[in-house]
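Chain by chain, the residues run as shown.
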Amino acid sequence: MTQNIDMKDLEKKAWTSYFQDGLLDIAMGMIMLAAVLSSTLDAIGVSDEVRIAIYIPLMVVVPPIIVILGKRHITIPRLGVAKFGPHRKARNRIMIAGLVSLQLILLAMLILQGVYGVGAGWLGSIIVTLNILAAFCLIAYLLDYRRMYVIGILFAMSEPVMFYLKNYSDTVYRGFIAYGIPAVIVMVMGFIMLQRFVQKYEKPTKETSDAS
Amino acid sequence: MPARDDREELPSMGEVDRVIHEPARFAIMANLYVIESADFLYLMRQTGMTKGNLSSHMRKLEEAGYIEVVKDFVMRKPHTMLKLTKKGRTAFREYSRSMKQVFNELPS
């Protein structure tokens, strides 16, 4: 045991230890897989209503369930519970406010695009890419979650790739290329992290997990 | 037991809190200082201590009034949460100040 302890580093290590389970990465990969499904359904001519009814629940419901159940049954029984101080709560609030603002910007752009045709084409694609990148950088910075920068780049790049394939290529695999490849990379990253986490932190027995 | 002369050379050493000065207890205090509260398993993981060791140091810190231990049941399993008391937080800050002072006063 070392006495040479940097308190800020100690807090950061404690905080980031909860992201070493890879569950968020897996959930992010699931979101991308839902986008692959949506694109595939679009390519085979399924109506928008049916397509939305299938992929939106997969995109919105399944990823949080993976994170919640994973934390409850994998992370917490192995790592324990810690409640963080006001500094972390403040950063989380800033992150939520930032993400909501970015979503509002995106919504405004989509309205302008739909009503006035402003920001269509490459310009729209660049704005969406920058918006996604900004959102992920915000999460990565405020959560001290470095892998999120990589995930953000992979997510953001899928938008211009999709735009290009849609407009300049007639491949039916555009969804797999634009969203599927990053989804697989992110999910593999997540599963590797999860496997390492489970190996590093064995589940303690009932007798050894709490004070005597 | 240090010689009397040593203590005279480092006058602030006597002010160092012996409860916190023990490395295992220092680790518990440091881990609890940077967060709001944590359970027993979390502290075992972060400090690398065994259950018996952590329990024993936890009791000493509780007796000193530096930590608050709350025992309850979560899904019918016993669950122990620990947090620094106001006294513990002050004592840790004071310990840090004392240690800095000790080393500042070292003869060159």
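Relevant structure appears above.
Residues numbered from 1 in each chain as written. Chains lettered and ligands numbered in written order. Predicted model: local features only at pLDDT ≥ 70, side-chain atom pairs only at ≥ 80, totals over all residues.

A. Local environment of the interface of chain B and chain A. Counting from both sides, the interface comprises 26 residues of chain B and, opposite them, 22 residues of chain A. Contributions of two or more residues to the side of chain B that touches chain A are made by α3 (23-33), β1 (37-39), α4 (40-47), α5 (51-63) and β3 (77-84) of chain B. With 7 residues, the top contributor of residues to the side of chain B that touches chain A is α3 of chain B. Split by residue class, the side of chain B that touches chain A holds 14 nonpolar, 7 polar and 5 charged. With 2 bridges joining them, strand β1 (residues 82-83) of chain A and β1 of chain B adopt antiparallel strand pairing. When the bridges of β1 of chain B are listed, A82 of chain A appears paired with A38 of chain B. (Contact = placed C-beta atoms within 7 Å. Helix = DSSP H or I, 4+ residues; strand = E, 2+ residues; numbered from the N terminus. Nonpolar A, V, L, I, M, F, W, Y, C, P; charged D, E, K, R; others polar. Pairing = 2+ DSSP bridges.)

B. Highlighting the packing of helix α6 (residues 121-143) of chain A against helix α7 (residues 147-168) of chain A. Residues and elements named next belong to chain A. Across the interface, α6 lies against α7 with an axial gap of 8 Å and an inter-helix angle of 170 degrees. One finds that α6 runs roughly antiparallel with respect to α7. On the side of α6, the interface is formed by S125, V128, T129, I132, L133, F136, C137, I139, A140 and L143, while α7 contributes M148, Y149, I151, G152, F155, A156, E159, P160 and F163. Here the residues of the contact of α6 with α7 are counted per class, giving 15 nonpolar, 3 polar and 1 charged. (Axes fitted to C-alpha atoms, helices over the stretch in contact; angles between N-to-C directions. Parallel < 35°, antiparallel > 145°, perpendicular 65-115°, else oblique.)

C. Local environment of α6 of chain A. Residue and element names in this part refer to chain A. Helix length check: α6, at 23 residues, gives a terminal C-alpha distance of 33 Å against a target of 33 Å (1.5 Å per residue), a fit within 8%. Here α6 has its buried residues at I132, A135, F136 and L138. On its buried side, α6 packs onto α5 (86-116) and α7. Two residues or fewer after α6 comes D144, characterised by a positive phi angle close to 55 degrees. (Expected span 1.5 Å × (residues − 1). Buried ≥ 20, exposed ≤ 12 C-beta atoms within 10 Å, placed from the backbone.)

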